[in-house]
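Spelled out, the chains give:
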Amino acid sequence: MKVLFVTSEAFPLLKTGGLGDVSGALPAALAEAGEDVHMLLPGYPQALENADHVGVTIALGNILGFEDVSLIEARMPDNGVPLWLINCPQLYDRPGNPYVQDGKTDWPDNHLRFALLSYVAAILSVPDNACGWTADIVHTNDWQGGLTAAYLHFWGIRQRARTVFTVHNLQYLGLFTPDVLPQVGLPDAAFSIDGLEFHHKVSFLKAGLYYSDAITTVSPTYAKEIMLPEFGCGLDGLLRQRADSVHGILNGIDDDIWNPKTDPHIPHHFSLARRTGKIQNKAALQHEMGLPADLDAPLFCVVSRLTEQKGIELIAKSASALRKLGIQLAILGSGDHHLEELLSVISGLDLGIKVKIGYDDALAHRIIAGSDVLLMPSQFEPCGLTQMYAMRYGTLPLVYKTGGLADTVVDCGTAGDGTGFVFETASTDALTATAKRATDLYRHPKLWQKAQRNAMSQDMSWKHAAPAYMRLYKNLAAT
Ligand code: ADP
Ligand code: GLC
């Protein structure tokens with residue numbers, strides 16, 4: 001099967017969050033299982049620099065008013081998956097974050113940047129295109145790829161790839177004013193409730209949900225949650241209508257990159273059988289973060305984008321209660337200004353909390369490796385990868401029961417019979433009570449080690465998800 005995997009970020013080319021990790025790993029897992037996978041990304045400078053270049057360029061001509069758009073053939077650096085980078089310097093040749101400028105504000109031409117990505121994906125989904133390769137399945141991700149299925153619908157070409165749209169986060173609706181429609185090459189007819197219209201705007205995400213042949217999301221629980229008003233971001237009605245086409249497929253993790261035996265970012269390697277390295281990492285982390293050198297103190301951590309989703313305010317409100325439990329807290333995060341400010345304020349108080357604001361991949365690995373508990377009280381979480389990385393490193397996740405967190409973390413109870421700690425009410429009291437249970441278990445090394453063993457021996461690789469996607473592709477191709 002020829003699969004075109006369309007994404008706006010992919011590790012190690014560039015990454016802002018979990019979508020980058022998934023895009024770095026899932027196509028390789030599909031290729032290993034026998035699919036003919038090609039990836040398609042915008043030709044950001046970081047992607048052009050970090051990809052292994054094959055160098056051939058395929059001219060696509062004028063698209064959406066941009067002259068001389070072309071595709072640069074390349075390969076992914078570590079796994080060799082074939083990659084096309086869209087060459088359109090006017091849209092993509094700018095440094096920094098793929099979605100926002102100066103760290104915060106959306107690029108003003110995001111509608112064009114990601115319409116072009118979707119448009120090129122649609123070109124590769126119909127026969128006799130300039131590349132001589134036509135996808136059987138075009139698999140797009142989040143709002144940035146949402147227009148692909150809309151183009152294919154309005155072009156009305158019968159022989160075309162089947163479309164799969166994966167929702168990594170329903171909250172990002174890809175909203176623009178209706179006047180962008182002619183600019184992105186869609187007819188006025190698209191501005192309809194049965195189409196892209198969403199509260200007088202156009203939503204690129206809704207385009208993906210409305211026109212794709214299949215919708216997937218990244219955990220079974222989130223697949224159910226998004227059909228409820230509470231989690232549906234105003235699209236729960238449409239998702240209920242399309243319930244037969246919605247599939248929840250739990251993400252995997254790249255267990256080569258996140259492997260405590262070989263991780264190049266951590267000072268001491270360790271494994272299930274040899275855990276002394278974990279304790280040495282803890283000592284090194286306490287030193288690096290400026291926390292008191294105390295191996296007996298339970299060391300909790302947060303590694304997160306700083307958005308409302310991630311429950312950062314709940315952590316801040318619980319900080320002094322956590323302090324009373326003797327917990328140390330190491331935080332790495334970047335994102336919303338007010339949450340960065342909030343964390344900077346609490347790190348200045350005497351609460352045993354040290355905060356690094358910024359995006360630092362190597363430090364993320366050191367923090368996850370050196371901590372005892374990962375705190376992830378997200379209000380909602382489509383899947384969450386960080387809790388799975390933590391488990392792999394024997395760092396027990398403490399999570400709110402939602403989405404992929406509910407699907408991946410099993411509560412330890414009082415006997416260490418699980419892989420982490422789960423609370424069911426989003427309140428400081430519930431979080432603190434669960435942190436107390438965690439610290440109680442921590443004081444029983446045998447039980448703690450039992451739980452660490454459970455967590456570290458989970459198979460969270462892509463071996464399960466890749467075949468699930470392949471079954472879906474096969475079923476769609478038969479329709
Ligand atoms: P989301 O995609 O919602 O951010 P995930 O848990 O799926 O959540 O994935 C987050 C990914 O981003 C993980 O690989 C995590 O290590 C990484 N990450 C998040 N914040 C930072 C940061 N400040 N520095 C480095 N890596 C980070
Ligand atoms: C999104 C979600 C996160 C998920 C990731 C990868 O960023 O917020 O829960 O793990 O995508 O699918």
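Residues numbered from 1 in each chain as written. Chains lettered and ligands numbered in written order. Predicted model: local features only at pLDDT ≥ 70, side-chain atom pairs only at ≥ 80, totals over all residues. Heavy atoms only, no water.

**Let's talk about the overall build of the protein chain**
Counting its secondary structure elements, the protein chain contains 18 helices and 20 strands. Scaling as 2.2 N^0.38, a compact globule of 479 residues should have a C-alpha radius of gyration of about 23 Å, and the protein chain matches this with 23 Å. Seen along its three principal axes, the alpha-carbon backbone of the protein chain occupies a region of about 65 × 45 × 40 Å. Going through the 479 residues of the protein chain one by one, you find that 59% of them count as buried. When the accessible area of the protein chain is evaluated, it comes to approximately 18800 Å², of which 52% is carbon and sulfur surface. In the protein chain, the 38 positive side-chain charges and the 51 negative ones have mean positions that sit 8 Å from each other. (Helix = DSSP H or I, 4+ residues; strand = E, 2+ residues; numbered from the N terminus. Rg over C-alpha atoms; globule rule 2.2 N^0.38 Å. Buried < 20%, exposed > 50% of the residue type's maximum accessible area, 1.4 Å probe, protein only. Areas by Shrake-Rupley, 256 points an atom, 1.4 Å probe, with all protein chains shown as cover. Lys, Arg positive; Asp, Glu negative; His and termini not counted. Charge placed at Lys NZ, Arg CZ, Asp CG, Glu CD.)

**Observations regarding the state of the cysteines**
In total, this model carries zero disulfides according to the counting rule given. Cysteine 131 carries a free sulfur, and the closest cysteine sulfur to it, the one in cysteine 88, is 15 Å from it. Given a relative accessible area of 16%, cysteine 131 falls into the buried group. Not part of a disulfide, cysteine 233 finds its nearest cysteine sulfur in cysteine 383, a span of 17 Å. Note on cysteine 233: relative accessible area 30%, which makes it partly exposed. (Disulfide = S-S within 2.5 Å.)

**Some words on the site of ligand 1**
With respect to spatial proximity, 22 residues lie near ligand 1, and among them Gly18, Asp21, Arg305, Lys310 and Thr386 are the closest. Contacts to ligand 1 include lysine 15, whose side-chain N or O atom sits 2.8 Å from an oxygen atom. Here a nitrogen atom of ligand 1 and a backbone polar atom of aspartate 360 are 3.0 Å apart. Protein chains bury 94% of the 570 Å² of accessible surface belonging to ligand 1 in isolation. (Near = heavy atom within 4 Å. Polar contact = N/O pair within 3.5 Å; in protein donor to acceptor, adjacent residues only side chain to side chain.)

**Overview of the site of ligand 2**
Near ligand 2 you find 14 residues, and of these His168, Asn251, Glu381, Cys383 and Gly384 are the closest. Between an oxygen atom of ligand 2 and a main-chain N or O atom of cysteine 383, the distance comes to 3.0 Å. At 2.7 Å from an oxygen atom of ligand 2 is found a main-chain nitrogen or oxygen belonging to glycine 384. Burial of ligand 2 by the protein amounts to 94% of the accessible area it has alone, namely 310 Å². Ranked by the residues each element gives to the shell around ligand 2, the list is headed by helix 1 (residues 18–32), at three residues. A class-by-class count of the residues in the shell around ligand 2 yields six nonpolar, six polar and two charged. Both domains that furnish three or more residues to the shell around ligand 2 are identified here as domain 1 (2–252 + 462–477) and domain 2 (276–456). (Nonpolar A, V, L, I, M, F, W, Y, C, P; charged D, E, K, R; others polar. Domains from an automatic or database assignment.)

**Focus: the UniProt feature "domain: Glycosyl transferase family" (unreviewed entry) in the protein chain**
What UniProt calls "domain: Glycosyl transferase family" (unreviewed entry) maps, in this numbering, to residues 293–453. As annotated, residues 293–453 has a helix share of 45% and a strand share of 20%, and its two end C-alpha atoms lie 25 Å apart. (UniProt positions renumbered as here; feature names shortened; annotations may be inferred.)

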